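Here are the chains, one letter per residue:
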Amino acid sequence: MKKYLLPLLATISLSLSAGCWKKVDQISTLNEQRVYLIISEYGNRYYHMKNDLYRSGVYYSIPDPSSNDYFNNYFTFQLKNAGDGYWNLYNVCRGSYVNATVYSPASLIDKPDGVEPSKWLIDDKYIKSHIADNLNLVFVLRNRNYYGLVSESVTKKVSHAKPYEYLYPKIYELSTLTLDENSDFPSYLSSFDVDSVVLKRTFVDNVKNTLILPFDVPNYKKVFGDNVVAYEYSCVEGNTINFTEIDSDKLNANTPYLIKGSSFNASPYTIDATTIYPVSSGQKYNGNVIGAYKSMQAKNGYILTAKGIIKYNESNEKPLLIQPYRWYFNSNISNAKLNLIDNHVSSISKIKYNHSLRKVFDIQGRVVSEDYSNFGSLPKGIYIVGGKKVVKH
């Protein structure tokens, strides 16, 4: 049976972690730096594409999407400029470009391998693909039942008795992105902007929480708590894993941190206008840290829990899943210890040479000397020696 670590594992699926949306009134504002929702409207109902094949039906909701917080398992899109006023449509949920096929019936499909993405023209009325001379296929909702394509010439013959026979979708822009530790982070095509982010993430007071996020967090103390301190991985000395307190008030995107505080602000956390930088879950940082953006199986290494740092061996223990926005330390170090280095700088005179202090590191964690006895030849600056910051004047 799979088990999850306690939620403090400073560690989002699509599944789709979505947020609030606003209707695009000016088609000219469409760009590659946003995420979009394509919806058809009829009466007081909004028809969304499902997380399945395009012809497998639709889901409708009564609320206006601008007031909805979540659209889990429904299609959202990014645009890629294809030139001459055309766009490629990328389906975030399915991780594939959307192609038009003329096979009977004309329909929407995932882009096949070895085939160029279809080019789409988006105007004030239609989303359409130019297939050949005098043949444009229009993106429509058929009879409020499924999404497909019809010839543009056919759309001009809509029956007045069935105004819903062909519904032309509207476009909404993602305004507020909600990231939840219980949902995987989607496979976005490229970076994009949002007006704000809402982060639903659990932290435990007085415990070292791991954290990695796909966006910057300016003034992190204001967001997470005035007494919260963030530490960044610096180096390994023997069996000691050193994390150093950051000098800035900003957390950088896709950077693993340990954060600790006696009183965290309550979740959810709101971060103002920012850029989202997608990365792959399981990516290595600094050679040893494995970040999780999707729920993932831990490999051999060290995991942080409420009881401290523990060693995990995947071949001898039950499968262990790391939740999104957390990380673990992938290393074969024996009896590893975790050391947090604060911004207090020790005097050189207080650091005595011994055989356990063979290496000297700069504050980025790079080895600058293999032997502390050579410390005198190093230039002036701040170094890490024996798990402490020291200054050389």
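The numbers attached to residues start from 1 for each chain and follow its sequence in the written order. In view of the model being predicted, local features appear only for residues whose pLDDT reaches at least 70, and side-chain atom pairs are presented and counted only at 80 or more, with totals across whole chains, interfaces and linings using the full set of residues. Hydrogens and water molecules were not included; the side-chain quantities draw on all heavy atoms of the structure.

### Overview of the overall build of the protein
The helix count covers DSSP runs of H or I at least four residues long, the strand count covers runs of E at least two residues long, and both are numbered beginning at the N terminus. Along the backbone of the protein there are two helices and 34 strands. Note on exposure labels: buried denotes an accessible area under 20% of the residue type's maximum, exposed denotes more than 50%, and partly exposed covers the range between, all computed with a 1.4 Å probe on protein chains only. Burial statistics for the protein: of 393 residues in total, 50% are counted as buried. Total accessible area on the protein stands at roughly 18400 Å², and carbon and sulfur atoms take up 46% of it. What sets the accessible areas is the Shrake-Rupley method with a 1.4 Å probe; for residues, cover comes only from the shown protein chains.

### Re the side chain of Glu173
You can see Glu173 is positioned in strand E15 (residues 170-180). Throughout, a contact is declared for two residues whenever any of their heavy atoms are within 4.5 Å. In contact with Glu173, not counting residues within four places along its chain, are Cys20, Trp21, Lys22, Val24, Arg34, Val35 and Tyr36.

### A word on the pairing of strand E8 (residues 96-101)
As a general feature of sheets, a regular strand has side chains that alternate between the two faces. Counting buried residues in E8 gives six out of six residues, a clear majority hidden from the surface. Being paired, for any two strands, means DSSP has found at least two bridges between them. Inspection of the sheet shows strand E7 (residues 86-91) paired to E8 by two bridges, in the antiparallel sense. Bridge pairing in E8 places Tyr90 opposite Tyr97. The turn joining E7 and E8, which pair antiparallel and follow one another in sequence, is formed by four residues; a positive phi near 65° is taken by Gly95. Sheet analysis places E8 next to strand E9 (residues 107-110), joined by four bridges and oriented antiparallel. Bridge pairing in E9 links Asn99 to Ile109.

### Focus on the packing of aromatic side chains
Each aromatic ring pair is characterised by the separation of its centres together with the angle its planes make. For this analysis, a ring pair means two rings from Phe, Tyr or Trp (six-membered ring only for Trp) whose centres lie within 6.5 Å, classed as stacked if their planes differ by under 30 degrees, edge-to-face if by over 60, and tilted for the remaining angles. Counted under the stated rule, the structure contains 16 aromatic pairs. Aromatic side chains Tyr233 and Phe243 sit 5.6 Å apart centroid to centroid with 65° between the ring planes, which places their arrangement in the edge-to-face category. In this pair, Tyr233 is assigned in strand E18 (residues 229-237) and Phe243 in strand E19 (residues 240-245), connecting sequence segments 10 residues apart. Here the two residues Tyr233 and Phe243 agree in accessibility, since each one is buried. An aromatic cluster is present here, built from Phe185, Tyr188, Phe192, Tyr293 and Tyr325 joined pairwise through their rings.

### Things to note about the sheet that holds E19
Within the open sheet, the five strands sit side by side as E17-E20-E18-E19-E29. Their pairing is mixed. Strands at the two margins of the open sheet, each flanked by one partner only, are strand E17 (209-211) and strand E29 (337-341). Neighbour-to-neighbour, the strand axes of the sheet open up by a mean angle of 35°, direction not taken into account. Relative to E29, E19 runs parallel, the two sharing five bridges. The partner of Thr244 across the bridge, within E29, is Ile341. Working convention: axes come from line fits to C-alpha atoms, limited for helices to the stretch in contact. Angles between N-to-C directions cover 0 to 180 degrees.

### A word on unusual backbone geometry
Note the cis peptide between Ser267 and Pro268, where omega equals 5°. Backbone geometry places Asn206, a non-glycine residue, at a positive phi of 60°. Note on placement: Asn206 falls in the loop between strand E16 (192-200) and E17. Of note, the phi angle at Asn254 is positive, near 55°, even though the residue is not glycine. Assignment of secondary structure puts Asn254 in the loop between E19 and strand E20 (257-260).

### As for the nonpolar core
Counting residues in each nonpolar core, the largest one holds 53 residues, and the members touching the most others are Val217, Phe224 and Leu251. Contact partners of Val217, with chain neighbours within four places excluded, come to Val223, Phe224, Asp249, Lys250, Leu251 and Ile271. Core analysis: the second largest hydrophobic core is formed by 28 residues, Leu30, Leu89, Ile122 and Leu167 among them. In plain words, nonpolar cores are sets of buried Ala, Val, Leu, Ile, Met, Phe, Trp, Tyr and Cys residues tied together by side-chain atoms within 4.5 Å.

### Observations concerning the confidence of the model for the protein
The quantity known as pLDDT measures the predictor's confidence residue by residue, on a range of 0 to 100. Per-residue confidence for the protein gives a mean pLDDT of 81; residues scoring 70 or more make up 79%. Confidence, read as mean pLDDT per element, is least for strand E1 (residues 3-4) in the protein (37) and greatest for helix H2 (residues 220-224) (97). Considering only residues more than four positions removed or in separate chains, one finds that residues 1-18, a stretch of pLDDT under 50, has 105 contacts. In this model residues 345-355 is a low-confidence stretch, pLDDT under 50, and it forms 22 contacts with partners more than four residues away in sequence or in other chains.

### Some points on the pattern of salt bridges
Any carboxyl oxygen of Asp or Glu that lies within 4 Å of a side-chain nitrogen of Lys or Arg is treated as forming a salt bridge with it. Counted according to the given criterion, the structure contains 12 salt bridges. Across the pair Glu173 and Lys22 runs a salt bridge, and its minimum N-O distance is 3.8 Å. Taken as a pair, Glu173 in strand E15 and Lys22 in strand E2 (residues 20-23) lie far apart in primary sequence, 151 residues in all. On the basis of relative accessibility, which here comes to 10%, the residue Glu173 falls in the buried class. For Lys22, a relative accessible area of 37% gives the class partly exposed. A network of salt bridges, in which partner residues are shared, links Lys22, Arg34, Glu173 and Asp195.

### Some details on the environment of Tyr302
Counting through the fold element by element, Tyr302 comes out in strand E25 (residues 301-305). Distance in space between the C-alpha atoms of Tyr302 and Asn313 is 8.8 Å, their sequence separation being 11 residues. With residues near it in sequence (within four places) discarded, Tyr302 still touches Ile309, Ile310, Lys311, Tyr328, Phe329, Ser331, Ile333, Ser334, Asn335 and Ala336. We call two N or O atoms a polar contact when they sit within 3.5 Å, provided that within protein one can donate a hydrogen and the other can accept it, with sequence-adjacent residues counted only if both atoms are side-chain atoms. At 3.3 Å, the side chain of Tyr302 and the backbone nitrogen of Ala336 are in polar contact.

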